[in-house]
Amino acid sequence: MIILIYSTYNAQNVRQNLGKSEYSYYFVLREFRPVLEELGVVVEVRDPIQEVDTIYRNCVAQGVACVFLPFMPPNKVPIGLSCPTVPVFAWEYETIPNEGFSDKPRNDWRRVLTLLGSAITHSSYTENVVKASLGQQFPIISAPSPLWERLFALFDPSAEPFLREVVVRVDGMVIDSRTTDLTPYSKAAERAISPVPLPLPPERQEGMV
């Protein structure tokens, strides 16, 4: 089997784009790649529109199975390709985007996922959210990033499950957000033009802590 993979950023440009939208998809792709290489021959494409269907047609001619896995949000996934396309994406909210806002029908994820016919995500929560919109029969699986084997050496089973004490050394002010009303420090208050400085919370520690 030939497995085509793609993300907006790659090893050559991700460092210059850290923090930008979708940059983290490259790191997810990087973690999945060794597992995918156990399943077939992995080919990373740089231009899906130009490359994917060309490779797919060659595979069909040789009787070789081929699938395209774009690691990106569904609204960014190329649609209309001949190659079977299974988006690999993350989502953390209680509903997936369900409107074609900005006059772009593809911004309705339901439309794109229905056209593509299947998907992979990284948590059962997201899997359930998608099925809530597209029906319980929609073929989507939860496949978390395969980090365990690589990080197992760092795991100490004898360690305490939770830290009992944390020491933080700062030269400044410490505010406990659990006991402080942070409303006065909202962005709106910060941007407001007022000669009166924001009040300091009464429960605070100043100096060397």
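Here the structure is shown first, and the text comes after it.
The text that follows walks through the structure, step by step, so that each part is easy to find. (Residues numbered from 1 in each chain as written. Predicted model: local features only at pLDDT ≥ 70, side-chain atom pairs only at ≥ 80, totals over all residues. Heavy atoms only, no water.)

With that out of the way, let us pick up the packing of helix 3 (residues 109–116) against helix 4 (residues 124–134). Contact pair helix 3 / helix 4: the axes reach a minimum separation of 11 Å and the direction vectors enclose 90°. When the axes of helix 3 and helix 4 are compared, the pair comes out roughly perpendicular. Residue-level contacts link Arg 110, Leu 113 and Thr 114 of helix 3 to Val 130, Ser 133 and Leu 134 of helix 4. Class assignment of the residues belonging to the contact of helix 3 with helix 4 gives a composition of 3 nonpolar, 2 polar and 1 charged. (Axes fitted to C-alpha atoms, helices over the stretch in contact; angles between N-to-C directions. Helix = DSSP H or I, 4+ residues; strand = E, 2+ residues; numbered from the N terminus. Parallel < 35°, antiparallel > 145°, perpendicular 65-115°, else oblique. Contact = heavy atoms within 4.5 Å. Nonpolar A, V, L, I, M, F, W, Y, C, P; charged D, E, K, R; others polar.)

Turning our attention to unusual backbone geometry. One non-glycine residue, Ser 102, adopts positive backbone phi at about 60°. Unusually for a residue other than glycine, Asp 103 sits at a positive phi of about 60°.

Here we take up the packing of aromatic side chains. Tallied over the full model, the rule gives 6 aromatic pairs. For the pair Phe 89 and Trp 109, a centre-to-centre distance of 5.5 Å together with 80° between the ring planes defines the contact as edge-to-face. Taken together, the residues Phe 89 in the loop between strand 3 (66–70) and helix 3 and Trp 109 in helix 3 connect sequence positions 20 residues apart. Ring centres of Trp 91 and Trp 109 lie 4.7 Å apart, and the angle between their planes is 55°; on these two criteria the pair is classed as tilted. With Trp 91 in the loop between strand 3 and helix 3 and Trp 109 in helix 3, the pair connects residues that are 18 residues apart, well separated along the chain. The residues Trp 91 and Trp 109 share a single accessibility class, namely buried. Through a chain of ring-to-ring contacts, the aromatic side chains of Phe 89, Trp 91, Tyr 93 and Trp 109 assemble into a single cluster. (Phe/Tyr/Trp six-rings, centres within 6.5 Å; stacked < 30°, edge-to-face > 60°. Buried < 20%, exposed > 50% of the residue type's maximum accessible area, 1.4 Å probe, protein only.)

Turning our eyes to something else, we now look at helix 1 (residues 24–39). The end-to-end C-alpha separation of helix 1 is 23 Å, in line with the 22 Å expected for 16 residues at 1.5 Å each. A bend of about 40° at Arg 33 is the largest found in helix 1, and the proline Pro 34 appears one to four places after it. Of the residues making up helix 1, those classed as buried are Tyr 25, Tyr 26, Val 28, Leu 29, Glu 31, Phe 32 and Leu 36. (Expected span 1.5 Å × (residues − 1). Bend = angle between axes of the 7 residues up to and from the residue.)

Keep in mind these values describe shape, not function.
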